[in-house]
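# Descriptive structure summary
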Amino acid sequence: MKHLLLLLCFAISSIMFSQETTNSSYVDVNYFRGNIALHNNSILHLIQGHPEGVIVGWNKKTFGNQDWQEAYNYPEYGVSFSYQNLKNETLGNNYAVYAHYNFYFFKRNLMLRIGQGLAYNTNPYDKHDNFKNTAFGSTILSGTYFMVNYKRERIFDRFGIQAGLSLLHYSNANFVAPNASINTVALNVGVTYNLEDEDPEFVHSEVTEKFTQPIKYNLAFRSGVNESDVIGMGQSAFYVLSAYADKRLSRKSAVQVGTDVFFSNFLKDLIAYNAVAFPERNIDADTDYKRVGLFVGHELFINKMSIETQVGYYVYYPFDFEGQTYLRVGLKRYFGEKWFGAVTLKTHGAKAECVEFGVGIRL
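About the thresholds
- Residues numbered from 1 in each chain as written.
- Predicted model: local features only at pLDDT ≥ 70, side-chain atom pairs only at ≥ 80, totals over all residues.
- Heavy atoms only, no water.
- Helix = DSSP H or I, 4+ residues; strand = E, 2+ residues; numbered from the N terminus.
- Expected span 1.5 Å × (residues − 1).
- Buried < 20%, exposed > 50% of the residue type's maximum accessible area, 1.4 Å probe, protein only.
- Contact = heavy atoms within 4.5 Å.
- Pairing = 2+ DSSP bridges.
- Axes fitted to C-alpha atoms, helices over the stretch in contact; angles between N-to-C directions.
- Salt bridge = Lys/Arg side-chain N within 4 Å of Asp/Glu carboxyl O.
- Core = buried A, V, L, I, M, F, W, Y, C linked by side-chain atoms within 4.5 Å.
- pLDDT = per-residue confidence, 0-100.
- Patch = residues over 30% accessible without salt bridge, like charges linked within 9 Å, V, L, I, M, F, W, Y side chains within 5 Å.
- Areas by Shrake-Rupley, 256 points an atom, 1.4 Å probe, with all protein chains shown as cover.
- Phe/Tyr/Trp six-rings, centres within 6.5 Å; stacked < 30°, edge-to-face > 60°.
- Lys NZ or Arg CZ within 6 Å of the ring centre and 35° of its normal.

### Remarks on helix α3 (residues 265–277)
An α-helical segment advances 3.6 residues per turn. Residues three or four places apart therefore align on the same side. When the terminal C-alpha atoms of α3 are compared, their 19 Å separation across 13 residues agrees well with the 18 Å that a helix rising 1.5 Å per residue should span. Residues of α3 that are buried: Asn-265, Phe-266, Leu-267, Leu-270, Ile-271 and Asn-274. Taken together, the buried residues of α3 touch β9 (216–226), β10 (236–248), β11 (253–264), β12 (291–302) and β16 (351–362).

Next up, the structure:
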C-alpha cells in the first residue's frame, strides 16, 4: 500500500511548504453521529446502528500575505485525525489522518472543510475469517471527508463553538478487491480553542490588472496498481497517457479539453476470465483491453496547488466495463512554471476504478 502512503505525504507537503509564516492557529474537537448511506446494495448487510466518532484538527490561519489568500477569503489549512466506530464487528473501526483546507462564506460564519488522507481499518476482508466485509479489502484505505459548519470563535475567552454536517468516505480505490466502500452522513458538534490571544488584521490588496494567459498545452503520464472486482484475481499495473489544452479564465480557474489513452492490464485479465467463466456472453478472449477517451475539465488554482475535475467519454471501447463515461478528480502540485505532480481518482459514477499517480508538463 505504499502508493496510498504517498497520497498523504503529497497532500501534507503541498500544503505545508507553500504557506505564510504568520503565527495564528487553533485546534478543534468535533463529535459526530450519523448513518451509513446505501450507495451499493452489496453493503446492505453491513448497515447496523448509527456510526459515531470524533474528529480532532489543528488549523493554521492565513491573513493575505499572498494574493491568492484574499482571493479565497483567507482560507485555513491544517491536519486532522478521526476515529469512527462503524457499529458493526464485521466492518471494524476506522482511524484516519488527513491534510485539510477550510474555506469561509457568509461573513466567515460558514466554514467548508475538505480533508484527504489515509485510514486504518481494524477488520478488513478475509476469505476465511471475515468474508462478509465486502466494503474494505485492505487495512489501509483512502479517506476523504467534507464538513460544513456554522462557526463562532472566541465566545468565551479563546473558546468557540461549531456545528454542522459531515460526510466521511473510506475506500481503497480498487487497489485490492473487494472495495464496495463506506460513506457516512453525520451531524457534528464541536468546540474550538485559539492558541494565541488575538489574530492579526487581514491584509487587503488593490488588484487592478486583469489576469490573462494564452492557451497552454499539457502532457501527462499516470500510473498505479489496481484489481478487478473479482476477488483473488490479483493486482496489475496500469498506464495512462494524456494530452490536453487548457485556457485560464481567471486567476482561480481554467477549462480543459483533451484525450486519454488507457493501458489497464486488469482488463486484460478480466476479459480472459469472462470469456471462460461466462461463455453465454460470447466474449472473445482476444478482445483489446485498451481504451481511448475524450474529456473536458476544470482546474481550480489555489496557490501552487490546484483541484482538477474532468468528465470523459470513451470513443474507443472494445470491452464493456462500467459504462462509457468516466470521471477524474484530484490534486495537482506545480513545481516551477511548467512541471507538476498529480494524485487523481478515476471513477465510473460512484464506482472507483483506480488512484492515479502522475507527472506532467504544461507548455
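### Here's the deal with the sheet that holds β16
With antiparallel pairing, eight strands are arranged side by side around a closed barrel as β9-β10-β11-β12-β13-β14-β15-β16. Strand-to-strand twist in this sheet, taken as the mean axis angle between neighbours without regard to direction, amounts to 25°. Strand direction decides the pairing type here: β9 and β16, joined by six bridges, are antiparallel. Bridged to Arg-222 within β16 is Gly-358.

### Thoughts on the pattern of salt bridges
Counted under the stated rule, the structure contains 19 salt bridges. Here Glu-153 ties to Lys-151 by a salt bridge, and the two come within 3.5 Å at their closest N and O atoms. For Glu-153, a relative accessible area of 25% corresponds to the partly exposed category. The class for Lys-151 is buried, based on a relative accessible area of 2%. The structure contains a network of salt bridges with shared partners spanning Arg-222, Asp-260, Glu-299, Glu-308, Arg-328, Lys-332 and Glu-356.

### Points about the nonpolar core
If you look at the biggest cluster of nonpolar residues, it comprises 23 residues, and the most contacted ones within it are Leu-91, Phe-136, Leu-168, Tyr-170 and Ile-182. Elements that contribute at least two residues to this core include exactly β1 (25–36), β4 (93–105), β5 (110–121), β6 (140–156), β7 (159–171) and β8 (182–194). Contacts of Leu-168, omitting those with residues within four sequence positions, involve Phe-32, Ile-55, Gln-84, Tyr-98, Thr-144, Tyr-145, Ile-182, Asn-183 and Thr-184. Grouped together as the second largest cluster of nonpolar side chains are 14 residues, Phe-238, Phe-295, Tyr-314 and Tyr-334 included.

### Quick notes on the environment of Val-79
Along the chain, Val-79 turns up in strand β3 (residues 76–85). On the basis of relative accessible area, Val-79 is assigned to the partly exposed category, the value being 26%.

### Looking at the confidence of the model for the protein chain
In this model, the protein chain carries an average pLDDT of 91, and 93% of its residues clear a pLDDT of 70 or more. Every residue in residues 1–8 is under pLDDT 50, and counting partners more than four places away or in other chains gives 24 contacts.

### Digging into a nonpolar patch on the surface
Among the surface-exposed residues, Val-29, Val-56, Phe-81, Tyr-95, Tyr-120, Ile-155, Phe-156, Phe-159, Ile-161 and Val-191 lie close enough to one another that they form a single nonpolar patch of about 940 Å² accessible area. Looking at the nonpolar patch, the elements with two or more residues in it are β6 and β7. Residue placement: Ile-161 occurs in strand β7. Owing to a relative accessible area of 49%, Ile-161 belongs among the partly exposed residues under this scheme.

### Observations concerning the packing of aromatic side chains
Scanning all chains against the criterion turns up 17 aromatic pairs. Centroid distance Tyr-314 to Tyr-317: 5.4 Å. Interplanar angle 10°. Geometry classified as stacked. When its relative accessible area of 0% is taken as the criterion, Tyr-314 is described as buried. Grouping aromatic residues by their ring pairs yields a cluster made of Phe-262, Tyr-314, Tyr-317 and Tyr-326. Between Lys-252 and the ring centre of Tyr-72, over which it is positioned, the NZ or CZ distance is 4.8 Å. Here the guanidinium or amino end of Arg-281 rests over the ring plane of Phe-278, the centre of that ring lying 3.9 Å away.

### Some remarks on unusual backbone geometry
Negative phi values dominate among residues other than glycine, just as trans dominates among peptide bonds. Residue Ala-177 is joined to Pro-178 through a cis peptide bond whose omega torsion reads 0°. Phi is positive for Lys-107, close to 60°, though the residue is something other than glycine. Phi is positive for Ala-173, which is not a glycine, with a value near 55°. For Ala-173, a relative accessible area of 4% translates into the label buried.

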